[in-house]
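A look at the structure
For reference, the chains in residue letters:
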Amino acid sequence: MSLLIEKPGLLTTVQDLGRFGVQKYGVIVGGAMDPFALRIANLLVGNAEGEAGLEITLLGPVIHFEQTTLISLCGGDLSPKLNGVPVPLWRTVLAPKGSTLTFGPAKLGCRAYLAVGGGIDVPIQMNSRSTYLRAGIGGYEGRALAAGDRLTLGEISPLGSHFLGLLAREASKDSGAVSRWAVFPQMLPKYAANPTVQLIPGEEYELFQESSRHDLWQEEFAVLPQSDRMGYRFKGRELKLEQSKEMISSAVTMGTVQVPPDGNPIILMADRQTTGGYPKISQVASVDLPLLAQASLGARVRFRKITLEEAQQQMIERELSIQTLREGLHQLEISGRKS
């Protein structure tokens, strides 16, 4: 089974949940900018959560399905249509053989994630199928997708085959079908054009001037055009140290908020470096990373202070909701076998 990229869109890449275990060699983690959206999209087509899918940025591609395929779109709303018919997000969809997926204007967010039954079958490099553009490794030939690329799909799971059978009964020869089951809205991140993002004070938080610490929680910060998958750069009230200080480079992670000498914060994202030497004023709560991943250039972001314990509790609740979804989807298969 395969799908054909007729038009590539602005930036469409193969991504999974990242390249773990090789940071000690200086290789970045990478992976999906909005890992929550990719995980849910995979679950909805019966895949393991870490299967490779497509990360679609702002201007979507045109994709032709050469075989009947199970798909799901999650994350940002980029106005997807299958054969000209709008496709709902956060659902399981049957794409018939010969159908075409297109995208329109971005209504909310800037990154959509397409999962297909069986996942995108590209070579595994250093434990991952993710594309690392700067190094030219992973994904499809280490690059963004281009017109004419044909992507092979993996073998669909038994759960995915069950979903395919259910939806095939409702589909006509030329039209797809949409599942009656969907993700519970309350478990979705609060995506917004101008989000409020929760931060935990970082290692060097107390080294900043009191006025700067105040401004971090009270002022808006705009996402600059220089932002990319490596990091989001912000412009706002300048954040200043009490006194200049030489920092020793130390480990960083997705969501680390660093402040370079110009006083404008940088939030490290999926393609972040492995270590950083700027003072770390705070850390994005993991549960809110999807909000940043979906923030477009020019978005105005506010930050809210929370404790580590609060961030941990929210992440536990998020993971429990994903577990509930996972179990509910498997229950559909069990019920189908009994009927």
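Residues numbered from 1 in each chain as written. Predicted model: local features only at pLDDT ≥ 70, side-chain atom pairs only at ≥ 80, totals over all residues. Heavy atoms only, no water.

Observations regarding the overall build of the protein
Counting secondary structure elements, the protein contains five helices and 21 strands. At 21 Å, the protein has a C-alpha radius of gyration in line with the 20 Å of a compact globule built from 339 residues. Seen along its three principal axes, the alpha-carbon backbone of the protein occupies a region of about 70 × 40 × 35 Å. Put simply, the protein has 339 residues, and 52% of those count as buried. Carbon and sulfur atoms make up 52% of the accessible area of the protein, which amounts to about 15200 Å² in all. Considering the protein, the positive charge centre built from 34 side chains and the negative charge centre built from 34 side chains are found 4 Å apart. (Helix = DSSP H or I, 4+ residues; strand = E, 2+ residues; numbered from the N terminus. Rg over C-alpha atoms; globule rule 2.2 N^0.38 Å. Buried < 20%, exposed > 50% of the residue type's maximum accessible area, 1.4 Å probe, protein only. Areas by Shrake-Rupley, 256 points an atom, 1.4 Å probe, with all protein chains shown as cover. Lys, Arg positive; Asp, Glu negative; His and termini not counted. Charge placed at Lys NZ, Arg CZ, Asp CG, Glu CD.)

A look at the pairing of strand S13 (residues 196–201)
Residues in a regular strand point their side chains to alternate faces of the sheet. Pairing of S13 with strand S21 (residues 300–305) involves four bridges; the strand directions are parallel. Paired with Gln198 across the strands is Arg304, a residue of S21. Note that S13 and strand S20 (residues 280–284) share three bridges and pair antiparallel. Across the sheet, residue Leu199 finds its bridge partner in S20, namely Val284. (Pairing = 2+ DSSP bridges.)

Focus on the pattern of salt bridges
For the structure shown, the criterion picks out 17 salt bridges. Between Arg302 and Glu220 there is a salt bridge whose closest N-O contact spans 3.9 Å. Highlighted residues: Arg302 in strand S21 and Glu220 in the loop between helix H3 (210–218) and strand S14 (221–223), separated in sequence by 82 residues. On the accessibility criterion, Glu220 (30% relative accessible area) is partly exposed. Three or more residues joined by partner-sharing salt bridges are found here, namely Arg39, Glu49, Glu319 and Arg326. (Salt bridge = Lys/Arg side-chain N within 4 Å of Asp/Glu carboxyl O.)

A word on a nonpolar patch on the surface
A grouping of Leu10, Leu58 and Leu59 is seen on the molecular surface, where their side chains present a nonpolar patch of about 280 Å² in accessible area. Mapped onto the elements of the fold, Leu58 is located in the loop between strand S3 (53–57) and strand S4 (62–65). The exposure class of Leu58 is partly exposed, given its relative accessible area of 35%. (Patch = residues over 30% accessible without salt bridge, like charges linked within 9 Å, V, L, I, M, F, W, Y side chains within 5 Å.)

Thoughts on the sheet that holds strand S9 (residues 100–102)
Strand order in the open sheet formed by six strands is S7-S6-S9-S4-S1-S11, with antiparallel pairing between adjacent strands. The open sheet has two free edges, formed respectively by strand S7 (85–86) and strand S11 (150–152), since each of these has just one partner strand. With two bridges joining them, strand S6 (residues 81–82) and S9 adopt antiparallel strand pairing. Pairing of Lys81 across the sheet is with Thr102, part of S9.

Some thoughts on unusual backbone geometry
Positive phi, normally seen in glycine, also occurs at Asn83, with a value near 55°. Looking at the secondary structure, you find Asn83 in the loop between S6 and S7. Positive phi, normally seen in glycine, also occurs at Asn127, with a value near 75°. Mapped onto the elements of the fold, Asn127 is located in the loop between strand S10 (108–116) and S11. What makes Asn127 exposed here is its relative accessible area of 56%.

Observations regarding helix H2 (residues 158–168)
Restricting attention to buried positions, one finds in H2 the residues Leu159, Gly160, His162, Phe163 and Leu167. When H2 is viewed along its axis, its buried side chains cluster within an angular range of 155° and face the same direction. (Arc of directions from axis to C-beta.)

A word on the state of the cysteines
One pass over the structure, following the stated rule, counts zero disulfides. Cys110 provides the cysteine sulfur closest to Cys74, a residue in no disulfide bond, and the two sulfurs are 15 Å apart. (Disulfide = S-S within 2.5 Å.)

Some words on the packing of aromatic side chains
One pass over the structure, following the stated rule, counts six aromatic pairs. Where Phe36 meets Trp90, the ring centres are 6.0 Å apart and the plane angle is 50°; that geometry is what we call tilted. Of this pair, Phe36 sits in helix H1 (residues 35–44) while Trp90 is found in the loop between S7 and strand S8 (91–95), placing the two residues 54 residues apart along the sequence. The exposure class of Trp90 is buried, given its relative accessible area of 9%. (Phe/Tyr/Trp six-rings, centres within 6.5 Å; stacked < 30°, edge-to-face > 60°.)

A short note on the sheet that holds strand S18 (residues 266–268)
Read around the closed barrel, seven strands run S13-S20-S17-S18-S15-S14-S21, paired in mixed fashion. For this sheet the average axis-to-axis angle between neighbouring strands, irrespective of direction, equals 40°. Of the strand pairs in this sheet, strand S17 (residues 256–258) and S20 are connected by three bridges, and their pairing is antiparallel. Counterpart to Thr256 in the pairing with S20 is Gln283. Sheet strands touched by H3: S13, S14, S20 and S21. Its angle to S21, the strand with the most contacts, is close to 115°. (Axes fitted to C-alpha atoms, helices over the stretch in contact; angles between N-to-C directions. Contact = heavy atoms within 4.5 Å.)

Honestly, it's all geometry; don't read function into it.
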